[in-house]
Amino acid sequence: MPSRHSDQRVVAVKPVVVPAPGRDVELRVKVTAPVSGRDLPVIVFSHGNAWSMDGYGPLVDRWAAAGFVVVQPTHPDSRRNELTWDDPRFPTIWRVRIADLHAVVDGLGDLLRQAGDLEDRADRDRVAVVGHSWGAQSAGALLGARVLDVDGTPGEDFSHAAVSAGALIAATGTGDTLTPFALEHLPFMRPDYSTMTAPTLVVAGGRDDSPLSTRGPEWFTDAYHLSPAPKSLLDIPEGEHTLGGLAGEAVAETTDEDPDRVALVADVVSAYLHHALRLDDAAWTALNDAAEGDGTWDITSK
């Protein structure tokens, strides 16, 4: 049940450079926002592997039209940086990604100032993080999730006090069923969700059968089932990893092209964040009611 707010006018500014000491390349972000309105909540969005600030237009534009300022950093694993799986820097990129999100949240005032009048129009007391795929693991760290080492010991606490809520789209599950490829190249893909206390929406597709795990699509629901309340789960039985084409229309990774599904994901995320950030419950309540009679998607909460 996609809404009509996608017709609202939005504006994007890029690149905006964010101070990030110790990084090999500049941390650049794109800022997208509605052309009017004040007290706008902020979404910091972390892209999936190999993407950049220029991806995910179908999501970002819809969130901006719904009244959010959306900030998209380009992480080091972006294709434009030409890093390969065997690059010696690759094993630490997961940490750089999290540091990128911290730098964006810490530098919001300056980057919004560079994006025109948004410093005056944004509500910096209402900040959420959202991510897709690898970006979901990155965003989850700011919500309180940790990474287990090889002995199962939780690593550092990367949560951020300024982040009030979030949404994890196609977030990787626990690391006990990783495939040999994932064990070799992505050993950090061992999230511990028991400490993820911030209000979070988890989005999972029922046909998202990852080559990184032997468990099948239910792997992507761990962030909901293994974390403490309050949490909600948007389950889309026919959705695959890009859930209809989140990163863009007809991109190569999209195997289940469905613009309405993308609009649904965008609208449920924005409705949930309006609810979790204590702005407005109306859209979230309406979507929960609609899910009960739809059959192609479902919302569960705890």
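Read on for a plain summary of the structure. These numbers were taken from a predicted model, which means no experiment stands behind them.

1. Focus on the overall build of the protein
Summing up its helical and strand segments, the protein has nine helices and eleven strands in all. Against the compact-globule benchmark of 19 Å for 302 residues, the protein has a radius of gyration of 18 Å, which places it among compact chains. Seen through its C-alpha atoms, the protein measures out along the principal axes to roughly 50 × 50 × 35 Å. Out of the 302 residues belonging to the protein, those deemed buried represent 56%. By sequence separation, contacts in the protein at least 24 residues apart represent 73% of the contacts at least 6 residues apart.

2. Some thoughts on the nonpolar core
Val-31, Val-69, Val-71, Leu-111 and Leu-168 are the most contacted members of the largest nonpolar core, which has 57 residues in total. The biggest single contributor to this core is helix H2 (residues 93-106), with seven residues. The contact partners of Val-31, leaving out residues within four places of it in the chain, are Val-11, Ala-12, Val-13, Val-16, Val-69, Val-70, Val-71, Leu-111, Leu-112, Ala-115 and Leu-118. Of all hydrophobic cores here, the second largest spans 39 residues; its members include Val-251, Ala-266, Val-269 and Ile-299.

3. Overview of the sheet that holds strand E10 (residues 231-236)
The strand order across the open sheet formed by nine strands is E1-E2-E4-E3-E5-E7-E9-E10-E11, and the pairing between neighbours is mixed. Lying at the two open borders of the sheet, with one neighbouring strand each, are strand E1 (10-18) and strand E11 (298-301). Taking the axes of each pair of neighbouring strands and ignoring which way they run, one obtains an average angle of 20° across the sheet. Where helix H8 (residues 259-276) meets the sheet, its contacts fall on strand E3 (40-46), strand E5 (122-132), strand E7 (163-169), strand E9 (200-205), E10 and E11, and the angle it forms with E7 comes to roughly 160°.

4. Focus: the packing of H2 against helix H5 (residues 134-142)
Packing of H2 against H5 leaves a shortest axis separation of 9 Å and a crossing angle of 55°. Compared by their axis directions, H2 and H5 come out oblique. Considering how the two elements wind past one another, H2 and H5 form a crossing that is right-handed. Between H2, through Ile-93, Trp-94, Arg-97, Ile-98, Leu-101, His-102 and Val-105, and H5, the contact on the second element is made entirely by Trp-134, Gly-135, Ser-138, Ala-139, Ala-141 and Leu-142. Residues belonging to the contact of H2 with H5 are distributed by class as follows: nine nonpolar, three polar and one charged.

5. Regarding the packing of aromatic side chains
For the structure on display, the rule yields eight aromatic pairs. Geometrically, the ring pair formed by Trp-51 and Tyr-56 is edge-to-face, given 6.0 Å between the ring centres and 65° between the ring planes. By the burial criterion, Trp-51 is buried, and Tyr-56 matches it. An angle of 75° between the planes, with centres 5.1 Å apart, marks the rings of Tyr-272 and Trp-284 as edge-to-face. Within this pair, whereas Tyr-272 is found in helix H8, its partner Trp-284 is found in helix H9 (residues 282-292), the two being separated by twelve residues in sequence. For the pair Tyr-272 and Trp-284, one class covers both residues: buried. By way of ring pairs, the aromatic residues Phe-45, Trp-51, Tyr-56 and Trp-63 are connected into one cluster. Positioned above the aromatic ring of Trp-51, the side-chain terminus of Arg-79 is 5.4 Å from the ring centre. The ring of Trp-134 has Arg-97 sitting right over it, with the charged end atom 4.5 Å from the ring centre.

6. A word on the side chain of Thr-172
Summarising the element assignment, Thr-172 is placed in the loop between E7 and helix H6 (180-185). Take Thr-172: its relative accessible area is 4%, and that puts it in the buried class. Those residues in contact with Thr-172 that sit more than four places away from it in its chain are Gln-137, Met-189, Pro-191, Tyr-193, Trp-219 and Phe-220.

7. Quick look at H2
Spanning 14 residues, H2 covers 20 Å between terminal C-alpha atoms, matching the ideal 20 Å at 1.5 Å per step. Most of H2 sits out of view: ten of its 14 residues are buried. Of all the positions in H2, only Ile-93, Trp-94, Arg-97, Ile-98, Asp-100, Leu-101, His-102, Ala-103, Val-104 and Val-105 are classed as buried.

Each value, and the rule that gives it
- Residues numbered from 1 in each chain as written.
- Predicted model: local features only at pLDDT ≥ 70, side-chain atom pairs only at ≥ 80, totals over all residues.
- Heavy atoms only, no water.
- Helix = DSSP H or I, 4+ residues; strand = E, 2+ residues; numbered from the N terminus.
- Rg over C-alpha atoms; globule rule 2.2 N^0.38 Å.
- Buried < 20%, exposed > 50% of the residue type's maximum accessible area, 1.4 Å probe, protein only.
- Contact = heavy atoms within 4.5 Å.
- Core = buried A, V, L, I, M, F, W, Y, C linked by side-chain atoms within 4.5 Å.
- Pairing = 2+ DSSP bridges.
- Axes fitted to C-alpha atoms, helices over the stretch in contact; angles between N-to-C directions.
- Parallel < 35°, antiparallel > 145°, perpendicular 65-115°, else oblique.
- Left-handed = near helix turned anticlockwise from the far one by under 90°.
- Nonpolar A, V, L, I, M, F, W, Y, C, P; charged D, E, K, R; others polar.
- Phe/Tyr/Trp six-rings, centres within 6.5 Å; stacked < 30°, edge-to-face > 60°.
- Lys NZ or Arg CZ within 6 Å of the ring centre and 35° of its normal.
- Expected span 1.5 Å × (residues − 1).

Read these as geometric descriptors, not functional statements.
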